[in-house]
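Fold and geometry: a report
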Amino acid sequence: LSNNKQWLYISCWGCDKVLIFDTEKQEMSGAVPVGDNPNDMCTTKNGNYLFVANSNDNSVSVIDLKNRKVIETLNAALYPNAPNGSTTNSVALSEDEKTLYIANADNNCLAVFDVTHPGTSESKGFIPTGWYPTCVRVTDKRIWVSNGKGFTSLANPNGPMPVKNSARLAYQKGDSAAKKVQYIGGLFWGKISIIPVPDAAQLSVYSQVVYHNTPYTKELESSAAGIDGSIIPQHVGDASPIKHVFYIIKENRTYDQVLGDVKQGNGDTSLVFFGEKVTPNQHALVKEFVLFDNFYVDGEVSADGHNWSTAAYATDYLEKTWPTSYGGRGGDYDAEGNREVANTKNGFIWNLCKKYGVTYRTYGEFADDYKPNIPVLKDHFCPYYTSWDQSVRDTTRFHQWQKDFDSLLAINQLPQLNTLRLINDHTEGLKAGKHSPAAEVADNDLAVGMFVDCLSHSSVWKESAVFIVEDDAQAGADHVDAHRSTLYLAGGFVKRNFVDHTIYSTSSVLRTIELILGLPPMSQYDAAATPMWRSFMEQPNMNPYSVKPPQTNLDDLNTAMNQWQRMSEQFDFEAEDRAPDAKFNEVLWVAMKGEGRPCPAPVHAAFVKNNED
């Protein structure tokens, strides 16, 4: 309420402004520039001040509404000038309007400010919350916090593959317990935290807990864990003998689905879909180089997974909209540079390379329909490399890359960072006339093997490193955690016949790549992530890798006409993750295991103990 008129204040998520609407004249009446990705807001009762949460800036803008200008910006992060990673996305005033509570979704906490005198506000401390707090409100001396992802991952005793017998019957009859979604998108049950307003002593204790729970510190932006003499630098900007990084991103597999049959690792053989017969090259890589059985993707699905894989961060826009889109309740696939509001403030790994003079090139990743999705990739992509088209084999993509690789190598123009997309381990289910799931995964595996074989026989093998990840792990079960996935590493300086049980994440891979290329971290996540220095050695091993021939018929087609085929016919495979994953996973289970075998119950843990500790 201002000058006896009602004003409507609208945070514009994608334009970094607060829009002002005159409800009397029914027209827009101006705008106030604020921080990046503004979202939740609150006003003082007298209508003099507006507080606006800016998720991509880790900040809150304080607006003098009478003069329509920002009079101060509150840094809600745990450290000054922190990169992306706090995700400030909700604000609430205490009843006396002297205290502002700010939800930091990715720090899992509330920041607390004394705003008695707007313009000269003071930080008072932090309060721990649950996982990904999305809203904070205050009533009757209690703080109410909605935790968007609850407190932990949940077990899925009926899946995510088919439930059988009594469980299926209960599901069909509408039993609510049996109807719980067993797919990763349904594992996050939101929770409400009710916190008594703390006094100064309690707030001090809470603040210490928050700092203790947060792995990111300012020091980690310029230095990282490691050992002296390692070829993975401990300090940003130090030289590494590795000059070329090849970063391959695949689609949607868990660890147990592919490597659960590897005896040296922590696997569950009952959950193996695509074991050694289907993926001989990926099995050979973990035996000849390094086996990682404690690697976790940061994203849940492709919509946030590709952004996590290339920026070590997903904005609040992506985190809040993909569940609606994937749940069939509206929205588009806005990731991978398809919509600017979904992009991180400072861009992706390629933007970082451009800023620091590191050469780069992409093959299919963030480059759809033979054109770049984002400006930074203009003139930095292979124009004939096929991105998302499952009618094209990954082995064909390998030859597309090889042609470009050979031409660049011949003129000594091979980029320092090369990002590639190999997609066919996604599969097309049992759709009639399409290649079978085993054939498509085997094609993907062969392409991986051919890639490492080619590189290892090239002149740059000694100074190259290959990192191969899945963008997410949504398409199946794992007995440790729904986020556990496969990670492959190869190169002249990579250890041989080694098992690394260290906890790694997608951000760990990016942190390792950044340190090799002399780049600083992009977010609080890769700054805090453990680099993979344990899996590298000081002296190179020049022995090349030899591709393993497929043991599965790559030409095998789906021919059966049944309910699973008919279900597959309804799926949309024109782009990633358009098919409903719960049903798609059920089809894959039947394709690989048969109808008569129920899926064992995976266990999903929030934290995994490092076997070396």
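What follows covers the overall build of the protein chain. Check the secondary structure of the protein chain and you find 13 helices and 23 strands. Counting over 613 residues, the protein chain shows a buried share of 59%. Sequence separation of at least 24 residues holds for 68% of the intrachain contacts in the protein chain that already meet a minimum separation of 6. Summing over all exposed atoms, the protein chain offers an accessible surface of approximately 24300 Å²; the carbon and sulfur share of this is 50%.

The strand order across the open sheet built from 4 strands is β8-β9-β10-β11, with neighbouring strands paired in antiparallel fashion. Strands with a single pairing partner mark the edges of an open sheet, and in this sheet they are β8 (88-93) and β11 (122-128). Shown here is a sheet whose adjacent strand axes are inclined to one another by a mean of 25°, direction ignored. Of the strand pairs in this sheet, strand β10 (residues 109-114) and β11 are connected by 6 bridges, and their pairing is antiparallel. Bridging from a neighbouring strand, Phe-113 pairs with Ser-123 of β11. Of the strands in this sheet, β10 and β11 are in contact with helix α2 (residues 200-213), which crosses β11 at around 65°.

Close reading of the predicted structure is inappropriate where its pLDDT is low. On average, residues of the protein chain score 89 in pLDDT, and 86% of them are at 70 or above. This stretch, residues 155-159, has a pLDDT under 50; its non-local contacts, to residues over four places away or in other chains, come to 19 contacts.

We now examine the pattern of salt bridges. Counting across every chain of the model gives 22 salt bridges. Linking Glu-251 and Arg-421 is a salt bridge whose minimum nitrogen-to-oxygen distance equals 3.1 Å. Taken together, the positions of Glu-251 in the loop between β15 (244-250) and α3 (255-259) and Arg-421 in strand β19 (residues 417-421) put the pair 170 residues apart, joining distant regions of the chain. A residue is classified by how much of its surface remains accessible, and Glu-251, at 0% relative accessible area, is buried. Here Arg-484 makes a salt bridge to Asp-256, at a shortest N to O gap of 3.2 Å. Of this pair, Arg-484 sits in the loop between β20 (464-470) and β21 (487-491) while Asp-256 sits in helix α3, and the two are 228 residues apart along the sequence. With respect to class, Arg-484 is no different from Asp-256; both count as buried. Connected through salt bridges with shared partners, the residues Glu-251, Glu-336, Glu-365 and Arg-421 form a single ionic network.

On to the nonpolar core, then. Membership of the largest hydrophobic core comes to 88 residues, with the highest contact counts inside it found for Trp-350, Trp-401, Phe-451, Phe-467 and Phe-536. Ranked by residue count, the leading element in this core is helix α9 (residues 437-456), at 11 residues. Those residues in contact with Trp-350 that sit more than four places away from it in its chain are Thr-310, Tyr-360, Thr-362, Glu-365, Phe-366, Ile-374, Val-376, Leu-377, Leu-417 and Thr-419. Counting 23 residues, the second largest nonpolar core, distinct from the first, contains Phe-51, Ala-53, Val-62 and Val-115.

This part is about the pairing of β10. For β10, a buried count of 5 out of 6 residues is recorded, marking the element as mostly surrounded by other parts of the structure. Bridge count between strand β9 (residues 99-104) and β10: 6 bridges; the pairing is antiparallel. Within the sheet, the bridge partner assigned to Leu-100 lies in β10 and is Phe-113. In textbook terms, the turn of a hairpin is the stretch between consecutive antiparallel strands, and for β9 and β10 this stretch comprises 4 residues, one of which, Asn-108, has a positive phi near 55°.

Time to look at helix α5 (residues 302-311). Most of α5 sits inside the fold, with 10 of its 10 residues counted as buried. Here α5 has its buried residues at Ser-302, Ala-303, Asp-304, Gly-305, His-306, Asn-307, Trp-308, Ser-309, Thr-310 and Ala-311. On the buried face of α5, the contacting elements are β15, α6 (316-326), α7 (349-355), β19, α10 (506-517) and α11 (524-528). One or two positions beyond α5, positive phi appears at Ala-312, with a value near 55°.

What counts and what doesn't
Residues numbered from 1 in each chain as written. Predicted model: local features only at pLDDT ≥ 70, side-chain atom pairs only at ≥ 80, totals over all residues. Heavy atoms only, no water. Helix = DSSP H or I, 4+ residues; strand = E, 2+ residues; numbered from the N terminus. Buried < 20%, exposed > 50% of the residue type's maximum accessible area, 1.4 Å probe, protein only. Contact = heavy atoms within 4.5 Å. Areas by Shrake-Rupley, 256 points an atom, 1.4 Å probe, with all protein chains shown as cover. Pairing = 2+ DSSP bridges. Axes fitted to C-alpha atoms, helices over the stretch in contact; angles between N-to-C directions. pLDDT = per-residue confidence, 0-100. Salt bridge = Lys/Arg side-chain N within 4 Å of Asp/Glu carboxyl O. Core = buried A, V, L, I, M, F, W, Y, C linked by side-chain atoms within 4.5 Å.

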